[in-house]
Every structure is written in structure tokens, then in C-alpha cells.
Amino acid sequence: MLELRNPKLAVPIVLFAGILWSFGPLVVRYMDSPNLVPWQYIFGRGLTIFILLNLYLYFEEGKNFYKNYYKIGLSGIVGGAGLGVAMITFIYSITNTSAAVTLLCLAAMPFFTALLAFLFLRERISLNVWISIIIASAGILIMAIGNTGEKSLIGFVFGLTSSIGFSVFSVSLRWRKETPKFTTVAFAGFFCFVFASIMILSTGQAFFATSYNSSLFSLHGFLVCSGLILYSIGSKAIPAAELTLLSLTEVVGGIFWVWLPILGINEVPSTNTIIGGFFLFVSLFYYSLIMRWNKRYIALN
């Protein structure tokens, strides 16, 4: 896989990856009644991700790329299923609450990852990380208080579930580091369209929505794949702490695009969402700065 070693080139590539992801909520908002066709959305997006990632692996590794699936193991299956659940719950979150709430729930992913790694991998959590988790938890609680409506609360819960699903994926990679990352993500796409197919067949629905909606389903899948590939290419040249900061472009951009009146959505975040989001950003900046300081301290000693 192509990797960049020059941070000056890698930083804008990773920033652009986050910007690509940030258009996801806007694409969902442009769909016609996405809450009525969630399984068709999951089917279309999952199939697109599965096809595109396998094409990418084919061009990167040749005709023997399929052998990566032999190496996926239990960790890849668990991680792919976790990522699949994250993708499924994302659409239920964003169609039941604001894009800002969904994205800010996803911004809490590093802290869910730390907690899961502590519980299942026995990875030690430092005092500074605990402080970050507590600050983030306060932000999430404030957002929850502001989402008291039945549907809005359901969207908030699905947003947290999506964040936890992504965290399961991240922890699975730490569990067995040799697990092929892209193959695991491709399995997540496979998991989504197979699960969606079962649900569509069991409810007697049509597999495909309107051509307009189907195009947007595929577009969202394309954005996810493209961002993931760019993010992975640039990630080797950037410290993990800085990557955390750079990934915030997805959250900031996603909230901005659905708010920007010229794009036709004009979705204004609630006061509680803004306050809770501020707590999340404080926790992320604190966490990232502490991680960066620790790396420098270790390097000097």
C-alpha cells in the first residue's frame, strides 16, 4: 500500500480525508425520506464499500488480493461486524436527531476505544486519559439532556452505538495487529449488505429505492471509501496525537455543511449540543496534547 513519509504532504491528505467524510451527513439530508428506506441505504452503501475496497486491493496487490481474507481471523470478523453495526446505526441516528448530535457522538470514539481496550485488552488508562474521558462524558450528558424528545433521544442513543461500533473495530485491530485493515473494512461492507438483504427480504420491501436515492447511497459509500484510503496513506507520517486533531475536520465540516444556508439545509445546532460539543472538543484537545507531550518525553529519555 502506498504510504507517505513526508508530513508536509501527509497532513493535507489526511485533512482532505476528514473533509470527504464530513459531506456524509449532507448527502443523507439531501435524500428523499431516508428514514423510510434505511435498509436500502445500508444495502447500497455496504455494497459500494465492499466493491470499491476490493477493487482498490486488487490494484494494490494484484489478483492474489483475496488471500487477505484467509488472514482475517476472529479479530477481523469481530472488528468488521463492529464497523458494520456502526454503519447501520449511523443512518438511524442521523434520521432521528440533528447531524451535529450524531457527529459529536462519533467524536467521543477515542474515549470509548480507550475504555474497551482497558476492559478487554487490559491496556492501562493513564490519569490524563481518565480526565479526558470524564470531560467527554460531561459533554455527552449535556447533549443527552438537550435531546429529551422521544425520536431525538433515540437518535442520540444510536449515535453513541455507532461510536461504540467504530471503537470495537479499532480495538480489534489492536487485539491482532496483523489483521488486514482494508479487508476488515471490506468485510464490514459485506456484513451491511448481507444483513440489509435479510431485513429487506423479511419485510417484503424492494431492494432498490428511487434512482435518485440509490445514487446518493452509493455516493456516501464512495466518500467513506475514498476518505479511508487517503487517511491510511497519510497516517504513517503523522503522530497519532496529531491524527486525532486532524480527524476533527469530519465533525466540524459535517456540522458546518448542514448549517450553511446556501446548501439548502440550514440545520442549526441546539444550545445544549453546542455546549456539549465544546466539552468534547476540550477533552479531545487535552487528550491529543497530552499524548504528544508523552511522545516527546519518551523520545528525549
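1. What about the overall build of the protein chain?
Helix and strand counts for the protein chain stand at 13 helices and 0 strands. Each helix (α) and strand (β) of the protein chain, taken in turn from the N terminus, gives the series α-α-α-α-α-α-α-α-α-α-α-α-α. In the protein chain, which comprises 301 residues, the share counted as buried stands at 49%. In the protein chain, 86% of the contacts between residues at least 6 apart in sequence involve partners at least 24 apart. Within the structure as shown, the protein chain displays about 14,600 Å² of accessible surface, and the carbon and sulfur contribution to it stands at 70%.

2. Topic: the environment of Leu-104
Among the structural elements, Leu-104 can be located in helix α5 (residues 99–107). In this structure, the C-alpha to C-alpha distance between Leu-104 and Phe-281, residues 177 residues apart in sequence, is 9.0 Å. Ignoring sequence-local partners within four residues, the contact set of Leu-104 consists of Met-143, Val-251, Ile-255, Thr-273, Gly-277, Leu-280 and Phe-281.

3. Overview of the packing of aromatic side chains
By the definition in use, this model includes 21 aromatic pairs. Ring geometry for Tyr-66 and Tyr-70: centres 6.0 Å apart, planes at 90 degrees, overall edge-to-face. On the accessibility criterion, Tyr-70 (65% relative accessible area) is exposed.

4. Here we look at the nonpolar core
Core analysis: the largest hydrophobic core is formed by 47 residues, its most contacted members being Tyr-41, Ile-42 and Leu-53. If you tally residues by element for this core, the top one is helix α10 (residues 211–235), at 9 residues. What Leu-53 contacts, discounting residues up to four positions off in sequence, is Phe-182, Val-185, Ala-186, Cys-225 and Ile-229. With 24 residues, the next largest nonpolar core counts Ile-125, Ile-140, Leu-248 and Tyr-287 among its residues.

5. Section: a nonpolar patch on the surface
A surface patch of nonpolar side chains, about 620 Å² in accessible area, is lined by Phe-118, Leu-119, Phe-120, Leu-127, Trp-130 and Ile-131. With respect to the helices and strands, the residue Leu-127 is situated in helix α7 (residues 127–145).

6. Side note on helix α12 (residues 248–259)
An ideal rise of 1.5 Å per residue puts 16 Å on 12 residues; α12 measures up with 17 Å between its terminal C-alpha atoms. Where α12 is concerned, the buried positions are Leu-248, Val-251, Gly-253, Gly-254, Ile-255, Trp-257 and Val-258.

7. A closer look at the packing of helix α4 (residues 73–94) against helix α9 (residues 181–203)
As a packed pair, α4 and α9 sit with axes 8 Å apart at the nearest point and diverge in direction by 55 degrees. Between α4 and α9, the angle falls in the class oblique. Taken as a pair, α4 and α9 cross one another with a handedness that is right-handed. Every residue of α9 that contacts α4 at Gly-76, Ile-77, Gly-79, Gly-80, Ala-81, Leu-83, Gly-84, Val-85, Met-87 and Ile-88 is listed here: Thr-184, Val-185, Phe-187, Ala-188, Phe-191, Cys-192 and Phe-195. Class assignment of the residues belonging to the contact of α4 with α9 gives a composition of 12 nonpolar, 5 polar and no charged.

8. Digging into the pattern of salt bridges
Summed over all chains, the structure comprises 1 salt bridge. Among the salt bridges present, the one from Glu-267 reaches Arg-29, with a minimum N-O distance of 2.6 Å. Taken together, the residues span a long stretch of sequence, with Glu-267 in the loop between α12 and α13 (271–300) and Arg-29 in helix α2 (residues 24–30) at a distance of 238 residues.

9. Thoughts on the confidence of the model for the protein chain
Averaged over every residue, the pLDDT of the protein chain is 83; residues scoring 70 or more account for 88%. Mean pLDDT values for the elements of the protein chain range from 56 in helix α11 (residues 240–246) up to 93 in α2.

10. A word on the packing of helix α6 (residues 109–120) against α7
One can describe the packing of α6 onto α7 by two numbers: an axis separation of 10 Å at closest approach and a directional angle of 125 degrees. Comparing the axis directions of α6 and α7 gives the class oblique. Here the hand of the crossing between α6 and α7 comes out left-handed. On the side of α6, the interface is formed by Phe-111, Phe-112, Ala-114 and Leu-115, while α7 contributes Val-129, Trp-130, Ser-132, Ile-133, Ala-136 and Ile-140. Here the contact of α6 with α7 is built from residues that sort into 9 nonpolar, 1 polar and no charged.

11. Examining the side chain of Gln-40
Examined against the element boundaries, Gln-40 turns out to sit in helix α3 (residues 38–61). Gln-40 sits in the buried class, given a relative accessible area of 5%. Side-chain polar atoms of Gln-40 contact the side chain of Gln-205, separated by 3.1 Å. Residue contacts for Gln-40: discarding those within four places in its chain leaves Ile-200, Gln-205, Ala-206, Phe-207, Phe-208, Ala-209 and Phe-217.

12. Section: the environment of Ile-49
Tracing the chain through its elements places Ile-49 in helix α3. Along the sequence, Ile-49 and Leu-223 sit 174 residues apart, while their C-alpha atoms lie 9.3 Å from each other. Not counting the four nearest positions on each side in its chain, Ile-49 is found in contact with Met-87, Val-185, Gly-189, Gly-221, Val-224 and Cys-225.

Definitions and limits used
- Residues numbered from 1 in each chain as written.
- Predicted model: local features only at pLDDT ≥ 70, side-chain atom pairs only at ≥ 80, totals over all residues.
- Heavy atoms only, no water.
- Helix = DSSP H or I, 4+ residues; strand = E, 2+ residues; numbered from the N terminus.
- Buried < 20%, exposed > 50% of the residue type's maximum accessible area, 1.4 Å probe, protein only.
- Contact = heavy atoms within 4.5 Å.
- Areas by Shrake-Rupley, 256 points an atom, 1.4 Å probe, with all protein chains shown as cover.
- Phe/Tyr/Trp six-rings, centres within 6.5 Å; stacked < 30°, edge-to-face > 60°.
- Core = buried A, V, L, I, M, F, W, Y, C linked by side-chain atoms within 4.5 Å.
- Patch = residues over 30% accessible without salt bridge, like charges linked within 9 Å, V, L, I, M, F, W, Y side chains within 5 Å.
- Salt bridge = Lys/Arg side-chain N within 4 Å of Asp/Glu carboxyl O.
- Expected span 1.5 Å × (residues − 1).
- Axes fitted to C-alpha atoms, helices over the stretch in contact; angles between N-to-C directions.
- Parallel < 35°, antiparallel > 145°, perpendicular 65-115°, else oblique.
- Left-handed = near helix turned anticlockwise from the far one by under 90°.
- Nonpolar A, V, L, I, M, F, W, Y, C, P; charged D, E, K, R; others polar.
- pLDDT = per-residue confidence, 0-100.
- Polar contact = N/O pair within 3.5 Å; in protein donor to acceptor, adjacent residues only side chain to side chain.

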